[in-house]
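Survey of secondary and tertiary structure
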Amino acid sequence: MINSLLERKIEKRPDQVRLQGRILFLTEDPDLIKRQLAGEDLPWDTKNPAANPKLRDDISTDEITPAHYCFYFDETLGEIPYLGLKCGSSTPIGRGDVKRGGFVCAVSGKRRGKGSSREQSPYAEMCAGIRVVIAENIERIYKQNCQNLGVLTSTNFSLIDRIRGGEEIPLSEFTAGEDEITRQVIEYGGLFPFNVARMQKKVFLPPIKSETKLEMNGNVRRYTRPPMTVAEKIFARHMVNEKGGIGVASVKPGDTGFAQADLRFSHEYVTPMAAIFFERYVGKDARVNDASSIIFFRDHLTFLDEVISEEKKKLGLLDLATQLKLKQQDFAVKQGIKLHGELKDRKGSEGICHSIVLESYALPGQLNIGSDSHTPHVGAIGCVAFGIGTTDVFNSWITKDVRVKVPESVRIVIRGQRHANATAKDFILKILSLDYVRSGKALAKVMEYAGEAIEELSVDERATMTNMAAEIGGFTGIVAPDKKAVAFLVERRGMDRAKAQAMIEGLFSDPDARYAHVIELDASEIRPMVATPGDPGNGKYVRELNTPVPIEIAYGGTCTAGKNEDMDMYAAVLAEALKQGKRVADSVKFYIQFGSQETREYCIRKGYLDVFQKAGALVIEPSCGACINAGPGVSTRPDQVVISAQNRNFPGRSGPGQMYLASPLTVAASAVAGYIVEYEPSEVLLEA
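For clarity, every value in this text was computed on a predicted model and none was experimentally measured.

The five strands are arranged β12-β11-β10-β13-β14 in an open sheet whose pairing can be described as parallel. Lying at the two open borders of the sheet, with one neighbouring strand each, are β12 (338-340) and β14 (384-387). Neighbour to neighbour, the strand axes of the sheet diverge by 20° on average, direction disregarded. On top of the sheet, helix α13 (residues 317-335) reaches β10 (263-267), β11 (294-297) and β12; it is set at about 155° to β11, its chief contact.

Moving on, we come to unusual backbone geometry. Positive phi is not limited to glycine here, since Lys400 has a value of about 70°. Within the fold, Lys400 resides in the loop between α15 (390-399) and β15 (401-405).

We now examine the packing of helix α9 (residues 191-199) against α15. Where α9 meets α15, the closest approach of the two axes is 10 Å, and the angle between their N-to-C directions is 20°. One element, α9, and the other, α15, form an angle in the roughly parallel class. Note on packing geometry: the crossing formed by α9 with α15 is right-handed. On α15, the residues touching Leu191, Phe192, Asn195, Arg198 and Met199 of α9 are Thr391, Asp392, Phe394, Asn395, Ile398 and Thr399.

This next bit is on the pairing of strand β9 (residues 256-260). Counting buried positions along β9 gives four out of five residues, so the element sits mostly inside the fold. Across five bridges, β9 lies against β15 in antiparallel orientation. Across the sheet, residue Gly257 finds its bridge partner in β15, namely Val404.

Before going further, it helps to examine helix α10 (residues 230-238). Taking burial as the measure, the nine residues of α10 include eight buried ones, the bulk of the element. Within α10 the residues assigned to the buried category are Val230, Ala231, Glu232, Lys233, Ile234, Phe235, Ala236 and His238. On its buried face, α10 sits against β9, β13 (367-370), β14, β15, β17 (446-450) and β18 (476-478).

A separate point is the packing of aromatic side chains. Under the definition given, this model contains 20 aromatic pairs. Seen from their ring centres, Phe25 and Trp44 are 4.2 Å apart, and the 10° between their planes marks the pair as stacked. Residue Phe25 is located in strand β2 (residues 22-25), and its partner Trp44 is located in the loop between α1 (30-37) and α2 (61-64); the two are separated by 19 residues in the primary sequence. Each of the two residues, Phe25 as well as Trp44, counts as buried.

The rules behind the values
Residues numbered from 1 in each chain as written. Predicted model: local features only at pLDDT ≥ 70, side-chain atom pairs only at ≥ 80, totals over all residues. Heavy atoms only, no water. Pairing = 2+ DSSP bridges. Helix = DSSP H or I, 4+ residues; strand = E, 2+ residues; numbered from the N terminus. Axes fitted to C-alpha atoms, helices over the stretch in contact; angles between N-to-C directions. Contact = heavy atoms within 4.5 Å. Parallel < 35°, antiparallel > 145°, perpendicular 65-115°, else oblique. Left-handed = near helix turned anticlockwise from the far one by under 90°. Buried < 20%, exposed > 50% of the residue type's maximum accessible area, 1.4 Å probe, protein only. Phe/Tyr/Trp six-rings, centres within 6.5 Å; stacked < 30°, edge-to-face > 60°.

Spelled out as structure tokens, the structure:
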């Protein structure tokens, strides 16, 4: 508890809101956007939606604030919003356009704010004057970041007329349907003022009421709890209870409260902004709560200087990126926080945050939070892990907990035996292509993966599935820990087997647990897939590509595909190619990037570096790199075709080219062929 906060004056925002300014409709038609930027107010018929122009769906945070501009961590971001917004083949919004336009509201279609957890996106909108965001549905992390900052959100399009009419709108319009805690966060104007009010005991925290039942068997009294999913069991263990302790008997979807985190981590994209918020709102000399359970990573921008354009250098963005590193470094030293940083003897990092957290930190049954949407990666070991924004990060440094509304779960069951050339990446690309996911019905839900085909996957491969729960828009992804999880802890961590076995006891979903939806797939029907350019949900089987798709770049790496087993796959394909007298096609550059130094050492032990070199692949030290347009492997021309094992192919995320997503096997086979192909093994190389 930081005592100075107990005496700080905190007040709620007014009950009535008047939003004075223009409305920016983010349409698919770039000319309509340009006309609005030039001063025209677009007509909009709220009573006859079919008569209106088509709004852009699936606006990602990459489009709201392109990665390079996230090096700013102050009000300069107000010049940036929507610089990457793609409408047709153009990006109609320029630097400063939104701020100059006097807009107070931005309107779009389905799945607003998908992708990265970067809070720079709503912060940029807020600094540009946007006070309310209206969309058909809004992604969880983006929406929570808006609420944390005080930006209002709604799915009620009738508000458009009221805003244009200059009406006073009751704040209750923006809190309707929200849980008790979220309502109060909105009323206090953000998470930090709410948390100060919470410390001062001015807010109401609804108790989590357990549905335990008393059963009598003769004279024996026994209390039984309701059935729960594995994720709900973990939430129950971590929720702050009415007495201020940790743990409640049971939870159900919709229960709200605060969950204590076992681990809190952030990287250099987020730590500096969080540190500035902490020092500004809490105090320059204030100490974080339990530094031993906080970890920092320098993993995103270690190769930036190799790919950043001269134009961006002239804007000072490379210098800003260096400032991010230095600010994180200084805050870590000052607070006594562990920093996994850059290598001392060569270029690169110790590893990507998700890779290191899975390899060295995360444990079954834990609740972990991180400053990245791919934090669910470590759900592969059987813990609940989810991404949070900057304001949540710095608030967790004060309270050691995080605001949670227990989500519903979707059970995804994959039965049967997979094909030798089908991988976890093909499974997840198939799931992403389903109507249930593409329509946004899976948003903010737990993705629980189960079935024989999932049980057969290693923890590394399961991590591909849990990692890409972020692309689904899910709250998190999880696999109930089993003998594979125990083996991982014993073999990779050197943990005592009995201790590892004890950790997973009870961590399974009860047979009659409740799910929002169940998806059942047959592994034998899933063949190698690609996601065509523009969105990870554009999945189709490789064999459905009508004509050969020549490639110039193949990329294998990132948290999703830079693990030990991913390296097994790259090496298997390239070793087989060498035996056949083949190597990487002359027309292709094939980059292989380790997720961590542990994986690099694994490749050295297995002799893979020699295979990669002989086959013509270019090996890169660990970093997020190309996935965020910050390392070798990015495209440089709009017509350039890339096949990548990373997790996202949003417009502009990894350069201006056309990016296809695929599995490590498909990426490596395509690198050898020179065009996108299925890998056809001469023998079964993927054993359980």
